[in-house]
Amino acid sequence: MPFEWFVALRFLKEGRSQTLLIFVGVGVGVGVMIFLFALISGLQVSLIRQTLSTQAHVVVRPTERAPRVLPDQDDVVVGATVEKGQQRVARIDGWMPLRDAIAATTDVTAVAPTVAGSAFVHRGPLNAAVALRGIDPSSYGLIVPLQEKLTAARLELAGGDALIGVQLANDFGLRVGDKLRLQTTTGRQDVLRVGGIFDLGNKDVNQRWIFVSLREAQTLLDLAGSISTFEVRVKDPFDAESVATAVAQRTGLVAESWTQLN
């Protein structure tokens with residue numbers, strides 16, 4: 001028997017009470033470490049699931065327009081102030097080739113074109129500011145599982161149909177089939193029919209988001225043939241940052257991962 005084993009066994013046999021305490025202490029320590037690891041892992045999974053249940057892994061948007069600065073003149077001191085121009089909905093023109101380029105990027109599993117802008121909804125004396133989102137249900141459903149979040153009706157956006165959140169439905173007393181009037185900041189307006197009610201687990205989202213068809217949003221926001229953003233899903237959410245960098249390099253657009261957005 002090796003000398004080290006001989007000393008160890010002799011020590012354990014002679015101090016049996018001490019040996020018992022050592023085994024108990026080691027067992028408790030290992031148990032605590034296993035519990036903390038399981039707790040942290042569970043919290044991480046729950047946090048990521050809640051965070052990504054209503055948003056994409058990567059959002060691709062157009063670059064912001066930089067204001068032009070007047071050229072310097074000799075012997076003239078100029079005090080320049082940069083002011084924002086008229087607010088316009090950001091747009092991506094000729095987006096179909098860009099969608100294909102994003103879809104071909106490594107680790108990208110789904111791409112959905114979207115149109116987003118601000119609007120107001122009216123029903124009788126009630127009105128509220130909302131975030132209008134134009135989507136294609138077949139592609140957007142791969143990013144956010146809207147079908148699973150619907151509490152009434154099905155995921156269909158034909159014609160003037162709209163999907164609203166449960167909080168907005170409660171505030172306005174709306175049910176499936178009811179009508180509401182929507183007016184955008186561009187001055188366009190339309191009467192929409194409530195085609196479905198969703199619950200995304202976020203009170204603010206349920207109160208402010210309204211989904212309409214891509215074509216309807218393009219018309220309301222005066223973006224005929226254009227979109228606002230691409231929403232992208234990747235294989236591993238923790239690879240979203242590297243995928244966003246690759247998408248930005250490939251398309252020349254701004255790509256932000258969910259970690260940046262949060």
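Now for a look at the structure at hand. Fair warning: this is a prediction, and the values are worked out from it, not measured in the lab.

### Re the nonpolar core
Counting 44 residues, the largest nonpolar core has V58, V60, L132, I164, L182, I210 and F230 as its most contacted members. V59, Y140, L155 and V205 belong to the second largest nonpolar core, which has 19 residues in total.

### Quick word on the environment of G196
Here G196 lies in strand β7 (residues 189-198). In this structure the C-alpha to C-alpha distance between G196 and L182, which are 14 residues apart in sequence, comes to 16 Å. Among all residues touching G196, those that are not within four sequence positions of it are A152, A153, A162, L163, I164 and V176.

### Details of unusual backbone geometry
Positive phi, normally seen in glycine, also occurs at D107, with a value near 75 degrees. Here D107 lies in the loop between α3 (95-103) and β2 (108-123). Residue D107 is classed as partly exposed on the basis of its relative accessible area of 28%. Phi at D222 takes a positive value of approximately 60 degrees, unusual for a residue other than glycine. Note on placement: D222 falls in the loop between α8 (214-220) and β9 (229-234).

### With respect to the packing of aromatic side chains
Per the stated rule, a full pass over the model turns up 4 aromatic pairs. Aromatic pair Y140 and F211: ring centres 5.6 Å apart, planes at 50 degrees, arrangement tilted. With a gap of 71 residues between them, Y140 in helix α4 (residues 137-140) and F211 in strand β8 (residues 209-213) connect regions that are remote in the sequence. This pair shows no difference in class: Y140 is buried, exactly as F211 is. Pairwise contacts between aromatic rings join Y140, F198, W209 and F211 into one cluster. Directly above the ring of W209 sits R133, whose terminal nitrogen or CZ lies 4.5 Å from the centroid.

### Here we look at the environment of V234
Secondary-structure assignment places V234 in strand β9. Along the chain, V234 and W5 lie 229 residues apart, while their C-alpha atoms are 53 Å from each other. Setting aside residues no more than four positions away along its own chain, V234 makes contact with H57, V58, D107, V108, T109, A240 and V243.

### A look at the pairing of strand β5 (residues 161-165)
Extensive coverage of β5 is indicated by the burial of 5 of its 5 residues. Of the two faces of β5, the one lined by D161, L163 and G165 and the one lined by A162 and I164 are each fully buried. For β5 and β7, the ladder comprises 5 bridges, and the chain directions are parallel. The residue of β7 that forms the bridge with I164 is I197. Inspection of the sheet shows β5 paired to β8 by 2 bridges, in the antiparallel sense. What sits directly across from L163, in β8, is F211.

Calculation rules
- Residues numbered from 1 in each chain as written.
- Predicted model: local features only at pLDDT ≥ 70, side-chain atom pairs only at ≥ 80, totals over all residues.
- Heavy atoms only, no water.
- Core = buried A, V, L, I, M, F, W, Y, C linked by side-chain atoms within 4.5 Å.
- Buried < 20%, exposed > 50% of the residue type's maximum accessible area, 1.4 Å probe, protein only.
- Helix = DSSP H or I, 4+ residues; strand = E, 2+ residues; numbered from the N terminus.
- Contact = heavy atoms within 4.5 Å.
- Phe/Tyr/Trp six-rings, centres within 6.5 Å; stacked < 30°, edge-to-face > 60°.
- Lys NZ or Arg CZ within 6 Å of the ring centre and 35° of its normal.
- Pairing = 2+ DSSP bridges.

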